[in-house]
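Chain residues, written in single-letter form:
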Amino acid sequence: MSKKALTRDAILQQAVRSASQIGISRLTIGSLAEQSGLSKSGLFAHFGSKEALQLAVVQAAQAQFVEEVVKPAFTQPRGMARLHALFHGWVMRLYAGSMPGGCPLLAAAYEFDDQPGAIRDALVAGQRWQRDTLQRLLQEAHDAGELAAGSNVPLLAFMLFGLIQSAHHDHQLLDNHHSAQLALQGFAQLCGTAAPRTDQAGT
């Protein structure tokens, strides 16, 4: 990786942390310059505009999610082990010190949900990919016989995604220190309810 690329990557990591606290919509070349100690002209050389910076931050945050949550989960065997690793890593990431203001992607989903444009499009694509990944792992668990035949996989994905959003909401807004535990209990309950009954396991 070139020196310029390394510098840009370091700037983006700082920008993601900043967006965690102030929101992506409020992130500007000027605000990032103040926090990073870099000049506005230097940042313009990397991004060119506020929208380009915000779009780059969305993409960097999504890539960070893949590295920190998805890739570790995929080291687990297919089925419930992989699904649990994904969900656990996703929820616990909300409490990581690297994001003191919470997940910038979840916050941005509300910031940009009614603002058409490249940033909203990137957020939609990223959120759909996250949901699709969750649903794919549920389907794998279903196909492996670890969820009951006839389980509504899209509905389970919808509810599990809702637990993640609830954990973030309660932790950030309501200062609920038990939100992660509640989300993990919700995961266990939903997947336990959808598990095949013992009397059906051998049929």
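Keep in mind it's a predicted model, so treat the numbers as computed, not measured.

A.B. asks: How would you sum up the overall build of the chain? Please name residues and give values.
C.D. replies: From N to C terminus, the chain includes 10 helices and zero strands. Element order for the chain, N to C, with α for helix and β for strand: α-α-α-α-α-α-α-α-α-α. Across its three principal directions, the C-alpha atoms of the chain cover 70 × 40 × 30 Å. Across the 203 residues in the chain, those meeting the buried criterion constitute 40%. Considering only contacts in the chain between residues 6 or more positions apart, those separated by 24 or more positions represent 67%.

A.B. asks: Which residues make up the confidence of the model for the chain, and what are the values?
C.D. replies: In the predicted model, the chain carries a mean pLDDT of 89, and 95% of its residues have values of at least 70. Element-level pLDDT for the chain is lowest in helix α10 (residues 198–201), with a mean of 53, against a maximum mean of 96 in helix α7 (residues 118–143).

A.B. asks: Lay out helix α8 (residues 153–172) in plain terms, naming residues and giving numbers.
C.D. replies: Here α8 spans 29 Å end to end across 20 residues, near enough to the 28 Å set by a 1.5 Å rise per residue. Residues of α8 that are buried include every one of V153, L156, A157, L160, F161, I164, A167 and H168, and no others. Down the axis, α8 shows its buried residues gathered within 135° of arc, on one side only. One side-chain oxygen of the residue at the start of α8 lies 3.1 Å from the amide nitrogen of L155, identifying that residue as N152.

A.B. asks: Which residues make up the packing of aromatic side chains, and what values go with them?
C.D. replies: On inspection of all chains with the given rule, the structure shows three aromatic pairs. The interplanar angle of 25° and the centroid separation of 4.8 Å between the aromatic rings of F87 and F187 together place this pair among those described as stacked. Taken as a pair, F87 in helix α5 (residues 80–93) and F187 in helix α9 (residues 179–193) lie far apart in primary sequence, 100 residues in all. Side by side, F87 and F187 carry an identical accessibility label, which is buried. Counting every residue linked through ring pairs, the aromatic cluster contains F65, W90 and F161.

Calculation criteria
Residues numbered from 1 in each chain as written. Predicted model: local features only at pLDDT ≥ 70, side-chain atom pairs only at ≥ 80, totals over all residues. Heavy atoms only, no water. Helix = DSSP H or I, 4+ residues; strand = E, 2+ residues; numbered from the N terminus. Buried < 20%, exposed > 50% of the residue type's maximum accessible area, 1.4 Å probe, protein only. Contact = heavy atoms within 4.5 Å. pLDDT = per-residue confidence, 0-100. Expected span 1.5 Å × (residues − 1). Arc of directions from axis to C-beta. Polar contact = N/O pair within 3.5 Å; in protein donor to acceptor, adjacent residues only side chain to side chain. Phe/Tyr/Trp six-rings, centres within 6.5 Å; stacked < 30°, edge-to-face > 60°.

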